[in-house]
Amino acid sequence: MEVLARARALLDAYDEELRRDLPDGIDLFDSHTHLGNDIDGMQGRPEELLGLFDRYGISAGFVFCLDEHDREPAFRAANDRTLAHAHEAGGRLVPFVRLDLAGPEPIGEAERCIDLGARGIKLHPRAQKFMLTDELLAPVFALAEARNVPILIHGGRGLPPIADDLARLVERYPDGQLIVAHAGIADMAGLAGHLGGKAGVFFDTSVWSPLDLLDLYRLVAPEQVVYASDYPYGSQPSSLLLTLRTAKLAGYSDEQLRALFAGNARRILAGEAALEPTRPVGDDSFAQPLTFARIHQYLSMATPMLWTRQPDTIGVLGLALNATEERNGHRTETEQIRELLLAARDLWRAMPDLDDDAEVIQTGRAAFRLIHVADILAVTAGT
């Protein structure tokens, strides 16, 4: 499809922008990736993930399975596949064991996988339907502390407030290390209030909105932030662009960027003591030209419609395109955004005429990626 080829070419152009804006010789480490086949239809393939690592210069990353169809009992089969993928990748994929607290012997499964080479534990309270008050969480944290492996826990959408209960676990097991995924947006104020400034607690950058990261940076120290894509839900180049442009807008130095993109995660991987957090970076207010604020507003409205494969009956993409025509002294940025949105509009319009479900998914994801990059540019214009 010609429009799909044009979309890919547009996205490819931002690879060069990344190379230009990243500090010279920077190491990149992805702290949140998945492999497998999720019950929601999402797929993470090792050859695709490693291909992205090669293309974008990502040296390694933490990896764990998705919410697999054969997750019972205890994610055992899926965890074994993760360990096998990591072994075949020769150290570039660092395996975590995924646990189901409601399954049989989660502690036994964690110990089995750690003995086989797993370097961390993944917990997903929304997908596995447990609360942070679950009595089985304490032995998981105790095991992670004893074996000197980190816990990465879902902190994104679909959760009640979790900060109070998570903070109690951190206080009870002070020598453990914890990564709160998705910048902790499910309870960011509470999590940052309890755990900001706490050595050994980290927040990963795998979110959609640039505003979430700008808020995170002003609440927690650079020593507490790790780069993450959330592959296959997150994609490139948008994931790297999102983290880089927001961090620069917040005022991160090159040294702090190096820590965010790899240094902090590599200390976790090495089992080293976490650095003592310094002061957060960034302001508690954010100002931008109204043109870009309008574009961000309309693209935020468009995104859930694309996720659920709805047509743009409201016309929000047209409203965003209209905003790019404003004469506001930022013509270079608005032209970039307009080009991305025109391609996204054409893809979105083509979706109802596609008969093959796989092609619909591919086209929708390409449209989403274009809109996401456009939104990143709109929020961070001028960095």
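Quick note: structure is the one above.
Right, let's walk through the structure included here. (Residues numbered from 1 in each chain as written. Predicted model: local features only at pLDDT ≥ 70, side-chain atom pairs only at ≥ 80, totals over all residues. Heavy atoms only, no water.)

## Details of empty space enclosed by the protein
Now for step 1: All chains considered together, the criterion is met by 5 cavities of 30 Å³ or more.
Now for step 2: Size it by volume and the largest cavity reaches roughly 100 Å³.
Now for step 3: Along its surface, the largest cavity is lined by 15 residues, and Phe141, Tyr173, Gly176, Gln177 and Leu178 are the ones closest to its centre.
Now for step 4: In terms of residue count, helix 5 (residues 137-147) provides more of the lining of the largest cavity than any other element does, 3 residues in total.
Now for step 5: In terms of residue class, the lining of the largest cavity is built from 10 nonpolar, 3 polar and 2 charged. (1 Å grid on protein atoms, 1.4 Å probe; cavity = no way out; pocket = protein on both sides within 12 Å on 5 of 7 lines; lining within 4 Å. Points joined across faces, edges and corners; volume = space filled by probe spheres on them. Helix = DSSP H or I, 4+ residues; strand = E, 2+ residues; numbered from the N terminus. Nonpolar A, V, L, I, M, F, W, Y, C, P; charged D, E, K, R; others polar.)

## Notes on the packing of helix 8 (residues 210-219) against helix 9 (residues 238-250)
Now for step 1: The contact between helix 8 and helix 9 brings their axes to 9 Å, and the two run at 45°. Taken together, the axes of helix 8 and helix 9 are oblique relative to one another. Like other packed secondary-structure pairs, helix 8 and helix 9 cross with a definite hand, here right-handed. For the pair helix 8 and helix 9, contact is made by Pro210, Leu213, Leu214 and Tyr217 and by Leu242, Thr243, Thr246, Ala247, Leu249 and Ala250, respectively.
Now for step 2: When the residues that make up the contact of helix 8 with helix 9 are grouped by side-chain class, the tally is 8 nonpolar, 2 polar and no charged. (Axes fitted to C-alpha atoms, helices over the stretch in contact; angles between N-to-C directions. Parallel < 35°, antiparallel > 145°, perpendicular 65-115°, else oblique. Left-handed = near helix turned anticlockwise from the far one by under 90°. Contact = heavy atoms within 4.5 Å.)

## Brief notes about the side chain of Gln177
Now for step 1: The residue Gln177 is located in the loop between helix 6 (163-172) and strand 8 (178-180) in this model.
Now for step 2: A residue is classified by how much of its surface remains accessible, and Gln177, at 13% relative accessible area, is buried.
Now for step 3: Engagement of the side chain of Gln177 in a polar contact is seen with the backbone oxygen of Glu272, the distance being 3.2 Å.
Now for step 4: Once you skip the residues sitting within four places of it in the chain, Gln177 turns out to touch Val149, Pro150, Ile151, Gly200, Phe202, Ile268, Glu272, Ala273 and Ala274. (Buried < 20%, exposed > 50% of the residue type's maximum accessible area, 1.4 Å probe, protein only. Polar contact = N/O pair within 3.5 Å; in protein donor to acceptor, adjacent residues only side chain to side chain.)

## Looking at the sheet that holds strand 4 (residues 93-95)
Now for step 1: Taking strand neighbours across the sheet as the criterion, the 4 strands line up as 2-1-3-4 in an open arrangement whose pairing is mixed. The sheet is open, and its two edges are formed by strand 2 (43-44) and strand 4, each paired on a single side.
Now for step 2: Where strand 1 (residues 28-37) lies against strand 2, 2 bridges are found, and the strand directions are antiparallel. Paired with Gly36 across the strands is Gly44, a residue of strand 2.
Now for step 3: The sheet strands contacting helix 2 (residues 46-56) are strand 1, strand 2, strand 3 (58-65) and strand 4, and the helix crosses strand 1 at an angle near 160°. (Pairing = 2+ DSSP bridges.)

Nothing here speaks to function; it is geometry throughout.
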